[in-house]
Amino acid sequence: MSALFDDVSRRFAAGHAAAPLDMWTDPRIHDIEHFTPAAVLIAITERERPGILLLHRPSTMRAHPGQIAFPGGRIDAGESPVQAALREANEELGIRSEDVRVIGSSDLYRTGSGYEITPVVAVIRADIDIHPNPAEVAQWFEAPVDFVLNPANQHTRMLDYEDRKISFVEIIWNDTRQDHIIWGVTGAILHNLANRLNWHD
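Quick look at the structure, then. (Residues numbered from 1 in each chain as written. Predicted model: local features only at pLDDT ≥ 70, side-chain atom pairs only at ≥ 80, totals over all residues. Heavy atoms only, no water.)

Some details on the side chain of N192
And step 1. Position of N192 among the secondary structure elements: in helix α4 (residues 184-197).
And step 2. Since its relative accessible area comes to 6%, N192 is described here as buried.
And step 3. For N192, the residues in contact, after removing those within four places along its chain, are D22, M23, W24 and Y109. (Helix = DSSP H or I, 4+ residues; strand = E, 2+ residues; numbered from the N terminus. Buried < 20%, exposed > 50% of the residue type's maximum accessible area, 1.4 Å probe, protein only. Contact = heavy atoms within 4.5 Å.)

Here's what the structure looks like:
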């Protein structure tokens with residue numbers, strides 16, 4: 001066991017023992033009847049200042065070009081959310097499943113694009129080998145957990161959608177090289193996870 005794994009496991013268990021105070025939901029899902037199961041990996045790195053592994057999608061992708069996301073995708077037939085998250089992390093970043101210490105699955109998040117996403121929380125070594133698949137990953141980076149899970153850094157923004165205004169979560173992390181604008185589904189999942197892990201207790 002590692003100190004980080006033990007700490008995140010404790011926070012995860014305590015946070016999921018009761019209903020959270022404020023869960024973000026996608027305002028676009030009211031007309032969707034059937035959702036496609038998907039899973040993402042919330043990989044927390046074992047550092048003095050732990051990070052969360054994130055990636056930029058290539059601008060050439062048909063779906064969500066250029067956006068920041070967690071490694072993840074659809075759940076194949078016969079797979080569990082954990083198995084799907086681990087498979088996708090391997091396909092997208094070359095992360096081996098045996099190098100991932102899974103803690104558990106967090107709250108489902110339904111999207112306006114018709115997906116029902118299970119976030120799988122896990123811990124990985126800081127020196128893990130990462131080999132991004134250029135077809136799915138333009139670049140990858142780590143954002144500090146204490147920054148992205150701090151409610152003070154999670155800002156509510158508005159945009160126009162089908163003749164109405166909807167709100168979304170935006171988190172901007174600057175790693176000295178560039179601003180990483182985290183929003184949409186990824187921002188919402190981080191918002192909900194902040195309520196569960198309570199990183200600032």
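Observations concerning the side chain of D175
And step 1. The residue D175 is located in the loop between β10 (164-174) and β11 (179-183) in this model.
And step 2. For D175, the side chain forms a polar contact with the main-chain nitrogen of R177, separated by 3.0 Å.
And step 3. Within the structure, D175 has its side chain in polar contact with the backbone nitrogen of Q178 (distance 3.2 Å). (Polar contact = N/O pair within 3.5 Å; in protein donor to acceptor, adjacent residues only side chain to side chain.)

Concerning the pairing of strand β9 (residues 155-161)
As a general feature of sheets, a regular strand has side chains that alternate between the two faces.
And step 1. Pairing of β9 with β10, which is carried by seven bridges, proceeds in the antiparallel orientation. Opposite R157, over in β10, you have F168 as the bridge partner.
And step 2. Turn length for the β9-β10 hairpin, with the two strands adjacent in sequence and antiparallel, is two residues, and the turn residue E162 shows positive phi of about 50 degrees. (Pairing = 2+ DSSP bridges.)

Overview of helix α2 (residues 81-93)
And step 1. With 13 residues, α2 extends 18 Å from end C-alpha to end C-alpha; this agrees with the ideal 18 Å at 1.5 Å per step.
And step 2. Restricting attention to buried positions, one finds in α2 the residues A84, A85, L86, R87, E88, A89, E92 and L93.
And step 3. In the segment just after α2, G94 is the residue with positive phi, at about 70 degrees. (Expected span 1.5 Å × (residues − 1).)

Notes on the packing of aromatic side chains
And step 1. On inspection of all chains with the given rule, the structure shows two aromatic pairs.
And step 2. Here the guanidinium or amino end of R11 rests over the ring plane of W199, the centre of that ring lying 4.8 Å away. (Phe/Tyr/Trp six-rings, centres within 6.5 Å; stacked < 30°, edge-to-face > 60°. Lys NZ or Arg CZ within 6 Å of the ring centre and 35° of its normal.)

Focus: the pattern of salt bridges
And step 1. Summed over all chains, the structure comprises 18 salt bridges.
And step 2. Salt-bridge contacts for R196 lead to D107; the nearest nitrogen and oxygen are separated by 2.6 Å. Of the two residues, R196 sits in helix α4 while D107 sits in the loop between β5 (100-105) and β6 (109-110), which places them 89 residues apart along the sequence.
And step 3. Residue R177 is joined to D175 by a salt bridge in which the shortest nitrogen-to-oxygen separation is 3.1 Å.
And step 4. The network of salt bridges with common partners includes D76, E79, R87, E88 and E91. (Salt bridge = Lys/Arg side-chain N within 4 Å of Asp/Glu carboxyl O.)

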